[in-house]
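# Geometric and topological summary
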Amino acid sequence: MGILSILSYGTLIFIGLSSYKYLPFVYFLRFYRLPLKYLYLQKPKDVIVDKVFLQKFSENFSEFEVFKKTKRSTYCSILECDMYFHKTNSSYFVEMDLARSELFSRNLKQFFWYYQDLKSNHGGNVDKKDDDNKKKDQTRKFSTKNGGLLHWPYVALGTVSTSFLKEIKPFEKYYTESRVLTWDSKWFYILTVFKLTNSDRVVAIGVAKLVFKDGRKTIPPKEILEICNLLNDKVEKIRLNNLKFVNNYTDQSVLTEIDFGI
């Protein structure tokens with residue numbers, strides 16, 4: 001084997017190892033390890049997650065727990081760079097996917113536990129007495145069909161927008177900070193900020209709107225946060241104040257109806 005062959009193989013191995021997070025199928029491992037960690041491994045064993053449990057679980061929460069940030073640290077690998085040798089724009093959306101997944105899995109994990117226990121306890125085996133009791137519990141408004149281990153509410157992305165402020169160079173370390181910005185009757189609005197590790201300089205800002213679904217039914221954000229005991233008057237004031245920043249960040253389908261006079 002010649003020197004050029006050795007260098008070629010060495011380069012490929014270096015790129016593969018240093019860019020492991022963008023190798024085929026690794027995204028799925030990075031994504032699904034988050035719900036596995038927070039929703040399965042951290043779920044209390046032999047405990048039914050009901051309103052009593054949730055009340056006790058939230059006793060040590062701060063007043064503004066709903067706005068708590070999640071932080072993810074990483075670096076810019078070779079395979080996420082473009083021909084200009086900086087982080088390609090499309091790769092920001094991958095990292096925001098992961099950041100939002102961790103935000104919801106960590107900060108709203110008790111809602112997922114509650115939902116899963118409700119499905120498991122009632123799915124397919126609801127007698128009339130249990131059904132009457134369930135109807136009295138006004139926080140349990142979810143479908144009880146198809147209960148089981150894999151039946152979770154899912155989170156659908158509606159819109160995402162990103163401002164790119166500064167480049168991230170190859171192997172430069174950066175981190176993301178994500179938090180709930182606000183919500184309305186249907187959507188959660190999530191703010192994700194990219195910062196350089198060595199200077200904390202903001203290099204990109206992303207805002208996404210997402211909706212929780214129980215099958216085809218929308219689960220209102222207020223209902224989710226009430227179950228998690230995350231609402232209070234101060235939180236509501238912040239929500240309303242922040243909502244003005246996303247008032248125009250809604251249905252963009254009207255843009256297809258603009259008359260350009262052509």
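Residues numbered from 1 in each chain as written. Predicted model: local features only at pLDDT ≥ 70, side-chain atom pairs only at ≥ 80, totals over all residues. Heavy atoms only, no water.

The record in UniProt for the chain states the following under Sequence similarities (unreviewed entry): "Belongs to the lcsJ thioesterase family." (UniProt positions renumbered as here; feature names shortened; annotations may be inferred.)

### Brief notes about the packing of aromatic side chains
In this description, an aromatic ring pair is defined by two values, namely the gap between the centres and the angle between the planes. Following the criterion strictly, the structure yields 20 aromatic pairs and no others. A centroid spacing of 5.7 Å and a plane angle of 75 degrees characterise the contact between Y27 and F28, whose relative ring orientation is edge-to-face. Using a relative accessible area of 46% as the deciding quantity, one classes F28 as partly exposed. Taking 5.1 Å as the distance between ring centres and 85 degrees as the angle between the ring planes, the aromatic pair formed by F104 and F212 counts as edge-to-face. Pair noted here: F104 is in helix α4 (residues 89-107) and F212 is in strand β5 (residues 202-214), with a separation of 108 residues, a long-range link. Looking at F212, the relative accessible area reads 1%, which means it is buried. Each residue in the set F67, F104, F111, F112, Y115, W183, F188 and F212 is aromatic and connected to the rest through ring pairs, giving one cluster. Its end group placed over the ring of Y75, K21 keeps NZ or CZ at 5.2 Å from the ring centre. Stacked on the ring of Y175, the Lys or Arg K71 has its end atom at 4.2 Å from the ring centre. (Phe/Tyr/Trp six-rings, centres within 6.5 Å; stacked < 30°, edge-to-face > 60°. Buried < 20%, exposed > 50% of the residue type's maximum accessible area, 1.4 Å probe, protein only. Helix = DSSP H or I, 4+ residues; strand = E, 2+ residues; numbered from the N terminus. Lys NZ or Arg CZ within 6 Å of the ring centre and 35° of its normal.)

### Side note on the pattern of salt bridges
All chains considered together, the criterion is met by 12 salt bridges. One salt bridge connects E102 with R72, and the closest N-O pair in it is separated by 2.8 Å. Here E102, found in helix α4, pairs with R72, found in strand β1 (residues 70-75); they are 30 residues apart in sequence, far enough to count as distant. Judged on exposure class, the residue E102 and its partner R72 are both buried. (Salt bridge = Lys/Arg side-chain N within 4 Å of Asp/Glu carboxyl O.)

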